[in-house]
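Spelled out, the chains give:
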Amino acid sequence: MRLSRYFLPVLKENPSEAQIVSHRLMLRAGMIKQSSAGIYSWLPLGFKVLKKIEGIVHEEQMRAGHIPLLMPTMQPAELWKESGRYDDYGEEMLRINDRHGRDMLFGPTNEEMITDIFRAHVSSYKDLPLTLYHVQWKFRDEIRPRFGVMRGREFLMKDGYNFDLTKEDALHSYNRHLVSYLRTYERMGLQAIPMRADGGPIGGDYTHEFLVLAETGESEVFYDSAVTDLTFGDREIDYDSVEECQGVLEEFTTKYARTDETHDEALFNEIPEDRRRVARGIEVGQIFYFGTKYSEALGATVQPGDGKPEPVHMGSHGIGVSRLLGAIIEANHDDNGIIWPEGVTPFHCGIVNLKQGDEAADGACDDLYKALTAAGLDPLYDDRKERAGGKFATMDLIGLPWRITVGPRGLKNGVVELTSRRTGESEELAPEAAVAKIIEVYKDHPTPRGF
Ligand code: P5A
């Protein structure tokens, strides 16, 4: 993309409404624009990252054997009356009447709707296990929407639902989700720690939240610092293997890590004192096992062999897709702007032309652009007639991990400059070598094709 043809409405000033750095940087980098409280338009740069994150979520869900579908945002109240949650959910649910006076709602989550799909189409235990998921907009009329996309009213969630014959099978589904979530967050350059939590309005008492440690996080968390040494890495996991998934769950959840809702002071005090941590975190996902809560209420049953129909065991599993942008920025920024991890960056690298209009510089930038594009990469070429300082400031603000700087002086010596946004280190090398290096970097970070 040539910047002169792109739509990147960066702000020079710090927006006064933004209280935390990720919100401020998303506004300044022209990623989002508030439409009303907790509701945002996703401008091209923000949309690009959102779709990258969504792409990683899809890839990892499908890798785990989960099946994508798409349910609507608008739901009929009847389903929620069947489960009993229509009254229980309270004021967070946006209730709407259609022209016929029918009670509708903008879905805050989809347990009822997916259970309705299941009961309509599945009756044989042979169709189990089954996990269906979608990535769809949700609405929760949060009393205090704040921090930009962190706590929105309209937000994008990946929500998945498992259907299993027995509790044992459903716990394997739970473990499988935990494993796939660890992989998912690490691909985005994040450490998200599973912590025992509370079921809240979704239900069930077996649930973990995934938390990214950050001072601006809304949750208070208590943990053994040894959990921060755990990484999933590039291990290959057989998602069908009960033992392997159980092993990962035990590795990542045995040490003490809890949100304030489930915190147990006595257990916490058993951790060696120098490893006890009280901190704040951003909840980027949550997994639940709630047994037959919805299947019983809505009559989602299967017949095991020749026995009588039995309600299926279920769980639900959510990733805060739009919230992740905020969490990633909270964990990756400096005073000059965002520093995208390679896995989610909107463009793979920036090309800065120091002297637009200079024949050699223009030609070299065009060649770089073509070479990177031919390699399947997505560069952002700042071809505007601007001074170098302004171009660097924009690149730093929007946070592309790599920048190639091209100027007539360097070209005389056959070199361009390659700069890492994260370390600030630069090296001079031949344009072909810069391209080769960027191609090499992204070999380890396969990113879904973006927009
Ligand atoms: C699990 C999937 C559920 O709703 N039902 C379907 C279960 N869980 S949850 O924890 O309530 O939400 C899942 C994730 O969505 C994100 N999230 C939000 N993101 C932005 N703004 C909000 N207001 C908001 N509310 C929830 C969180 O990341 C949460 O973990």
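Residues numbered from 1 in each chain as written. Predicted model: local features only at pLDDT ≥ 70, side-chain atom pairs only at ≥ 80, totals over all residues. Heavy atoms only, no water.

Peer 1: Break down unusual backbone geometry for me, with residues and values.
Peer 2: The phi torsion of most residues other than glycine is negative, and most of the peptide bonds are trans. A cis amide bond links Leu128 with the next residue in sequence, Pro129, at an omega value of -5 degrees. In this fold, Pro129 is placed in the loop between helix 5 (111-121) and strand 7 (130-139). Phi is positive for Phe147, close to 60 degrees, though the residue is something other than glycine. Among the structural elements, Phe147 can be located in the loop between strand 7 and strand 8 (154-164). (Helix = DSSP H or I, 4+ residues; strand = E, 2+ residues; numbered from the N terminus.)

Peer 1: Hey, could you go over the environment of Tyr256 for me, with residue numbers and the actual values?
Peer 2: Inspection of the secondary structure puts Tyr256 in the loop between helix 7 (242-253) and strand 12 (257-259). Linking Tyr256 and Tyr223, residues 33 residues apart in sequence, is a C-alpha distance of 5.3 Å. Not counting the four nearest positions on each side in its chain, Tyr256 is found in contact with Phe222, Tyr223, Asp224, Val227, Thr262, His263, Asp264, Leu267, Phe268 and Ile271. Within polar-contact distance, the side chain of Tyr256 engages the side chain of His263 at 2.8 Å. (Contact = heavy atoms within 4.5 Å. Polar contact = N/O pair within 3.5 Å; in protein donor to acceptor, adjacent residues only side chain to side chain.)

Peer 1: Describe the packing of helix 6 (residues 167-187) against helix 7, listing the residues and the values that go with them.
Peer 2: Across the interface, helix 6 lies against helix 7 with an axial gap of 9 Å and an inter-helix angle of 65 degrees. Here helix 6 runs over helix 7; the crossing is left-handed. Facing His172, Tyr174, Asn175, Arg176, Leu178, Val179 and Leu182 of helix 6, the residues of helix 7 in contact are Val242, Cys245, Gln246, Val248, Leu249, Phe252 and Thr253. Residues belonging to the contact of helix 6 with helix 7 are distributed by class as follows: nine nonpolar, four polar and one charged. (Axes fitted to C-alpha atoms, helices over the stretch in contact; angles between N-to-C directions. Left-handed = near helix turned anticlockwise from the far one by under 90°. Nonpolar A, V, L, I, M, F, W, Y, C, P; charged D, E, K, R; others polar.)

Peer 1: Describe the sheet that holds strand 23 (residues 426-429), and please don't skip the residues or the numbers.
Peer 2: In space, the five strands of this open sheet follow the order 20-19-21-22-23, with mixed pairing throughout. At either end of the open sheet lies a strand with only one pairing partner, and these are strand 20 (379-382) and strand 23. Mean inter-strand twist for the sheet, computed between neighbouring axes without regard to direction, equals 20 degrees. For strand 19 (residues 349-353) and strand 21 (residues 402-406), the ladder comprises four bridges, and the chain directions are parallel. Each residue of the ladder has a partner; that of Ile351, found in strand 21, is Ile404. (Pairing = 2+ DSSP bridges.)

Read these as layout, nothing more, since geometry by itself doesn't imply function.
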